[in-house]
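# Geometric and topological summary
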Amino acid sequence: MVTRAKKLTLPEVSERIQALLSQSALTEADLLAFARAVNGSDFKVPPPPKPKPVPRPKAPTLAEVKSAVLAHFDCKTAMQLKKNKNFQMSMTGDQIILKNKEDWLRLYRRFVGIPSHERGLEAGPTVINGIDVLKHFRPWVVFDLDPKTASADDVREAFRALIKVHHPDHNGDPRVAERLQKMKDSVLALM
């Protein structure tokens, strides 16, 4: 706590006010000098405000995830989803119980998209366009292409640009380079 060198009495403060009023043009420096005299010392300079952290998007609730997956297959309940022929065909060989949020999130990632709280990651050795390529297989997002308008040449060009950065010969992660190759091959196989 700052202690004053000397407390001013009321007549001393009145005298300083009269001296200020007698000046024809007051400046900020005059008023600051008066305030320092009344305060008894210099004022503390407040520290600069800390930057507020950018809030990360919240994870979707189980109800949101469930409704998005059900809507993707035009179903209203989990029972309808299990009986849906498209769902059964796309899940051949996979065992998902649909009892907990993690099961529904796996389906969400696979059929709807990556939840917003998992996107926009900081740059890192395995993150491309905000997607961790080792965790999520999203070639269109990683290659930054629109699946409706992209051509095979666009895919190859995007792949070449990324592999120049992520190839092991250029100090890239070999797992990322391998994953990019798989993404390119899978997209070109479907074209």
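Located above this text is the structure these notes cover.
Below or above, wherever it landed, is the structure these notes cover. (Residues numbered from 1 in each chain as written. Predicted model: local features only at pLDDT ≥ 70, side-chain atom pairs only at ≥ 80, totals over all residues. Heavy atoms only, no water.)

### So, the overall build of the protein chain
Of regular secondary structure, the protein chain possesses nine helices and two strands. Order of helices (α) and strands (β) in the protein chain, N terminus to C terminus: α-α-α-α-α-α-β-β-α-α-α. Relative to its length of 191 residues, the protein chain is extended, with a C-alpha radius of gyration of 32 Å against a globular reference of 16 Å. A principal-axis box enclosing the C-alpha atoms of the protein chain has dimensions of 95 × 50 × 30 Å. When contacts within the protein chain are restricted to residue pairs at least 6 apart in sequence, those whose partners lie at least 24 apart make up 47%. Total accessible area computed for the protein chain in this model is approximately 13,700 Å², and 57% of it derives from carbon and sulfur atoms. When the 31 positive and 22 negative side-chain charges of the protein chain are each reduced to one mean point, those points stand 8 Å apart. (Helix = DSSP H or I, 4+ residues; strand = E, 2+ residues; numbered from the N terminus. Rg over C-alpha atoms; globule rule 2.2 N^0.38 Å. Contact = heavy atoms within 4.5 Å. Areas by Shrake-Rupley, 256 points an atom, 1.4 Å probe, with all protein chains shown as cover. Lys, Arg positive; Asp, Glu negative; His and termini not counted. Charge placed at Lys NZ, Arg CZ, Asp CG, Glu CD.)

### Examining the pattern of salt bridges
The full count for this structure, using the stated rule, is six salt bridges. The partner of Arg175 in a salt bridge is Asp173, with the nearest N and O atoms 2.7 Å apart. The exposure class of Arg175 is partly exposed, given its relative accessible area of 49%. Linking Glu178 and Lys182 is a salt bridge whose minimum nitrogen-to-oxygen distance equals 3.6 Å. Of this pair, Glu178 and Lys182 both sit in helix α9 (residues 174–190), four residues apart, which is roughly one turn of that helix. Looking at Lys182, the relative accessible area reads 47%, which means it is partly exposed. (Salt bridge = Lys/Arg side-chain N within 4 Å of Asp/Glu carboxyl O. Buried < 20%, exposed > 50% of the residue type's maximum accessible area, 1.4 Å probe, protein only.)

### Considering the nonpolar core
One finds Ile128, Val133, Val142, Phe143, Leu162 and Leu180 to be the most contacted residues of the largest nonpolar core, which totals 16 residues. Put simply, the parts of the chain that give this core at least two residues each are α8 (152–166) and α9. Sequence-distant contacts of Val142, defined by excluding residues within four places in its chain, comprise Ile128, Asn129, Ile131, Val133, Leu162, Leu180 and Met183. Listed in part, the 15 residues of the second largest apolar core include Leu81, Ile96, Leu98 and Leu107. (Core = buried A, V, L, I, M, F, W, Y, C linked by side-chain atoms within 4.5 Å.)

### Regarding the packing of aromatic side chains
The description of an aromatic ring pair uses the distance of the two centres, along with the angle that the planes make with each other. This model, assessed by the stated rule, comprises two aromatic pairs. Seen from their ring centres, Phe73 and Phe87 are 5.3 Å apart, and the 85° between their planes marks the pair as edge-to-face. Separated by 14 residues along the polypeptide, Phe73 in the loop between α3 (62–72) and α4 (78–83) and Phe87 in helix α5 (residues 85–90) bring together distant segments of the chain. Of the two residues, Phe73 and Phe87, both sit in the buried class. Ring plane angle 80° and centroid distance 5.0 Å describe the contact between Phe73 and Phe111, whose orientation is recorded as edge-to-face. Pair noted here: Phe73 is in the loop between α3 and α4 and Phe111 is in helix α6 (residues 101–112), with a separation of 38 residues, a long-range link. An aromatic cluster of three or more residues is present, and its members are Phe73, Phe87 and Phe111. (Phe/Tyr/Trp six-rings, centres within 6.5 Å; stacked < 30°, edge-to-face > 60°.)

### Here we look at α6
Taken as a whole, α6 has its buried residues at Asp103, Trp104, Leu105, Leu107, Tyr108, Arg109 and Phe111. Turning to α6, the residues buried within the fold contact α3, α4 and α5. One side-chain oxygen of the residue at the start of α6 lies 3.3 Å from the amide nitrogen of Glu102, identifying that residue as Asn100. One or two steps after α6, the chain reaches Gly113, where phi turns positive at roughly 155°. (Polar contact = N/O pair within 3.5 Å; in protein donor to acceptor, adjacent residues only side chain to side chain.)

### Observations concerning the packing of α8 against α9
Two quantities define a packed helix pair, namely the angle between the axes and the distance from one axis to the other. Contact geometry for α8 and α9: axes closest at 10 Å, N-to-C directions at 180°. Of the possible angle classes, the one that applies to α8 and α9 is roughly antiparallel. Contact residues: α8 offers Ala152, Val155, Arg156, Phe159, Leu162, Ile163 and His166, while α9 offers Val176, Ala177, Leu180, Gln181, Lys184, Val187 and Leu188. Among the residues forming the contact of α8 with α9, the class breakdown is ten nonpolar, two polar and two charged. (Axes fitted to C-alpha atoms, helices over the stretch in contact; angles between N-to-C directions. Parallel < 35°, antiparallel > 145°, perpendicular 65-115°, else oblique. Nonpolar A, V, L, I, M, F, W, Y, C, P; charged D, E, K, R; others polar.)

### What to know about the side chain of Asp103
Here Asp103 lies in helix α6. Discounting chain neighbours no more than four positions away, the residues touching Asp103 are Ile96, Ile97 and Leu98.

Purely geometric stuff here, so don't read any function into it on its own.
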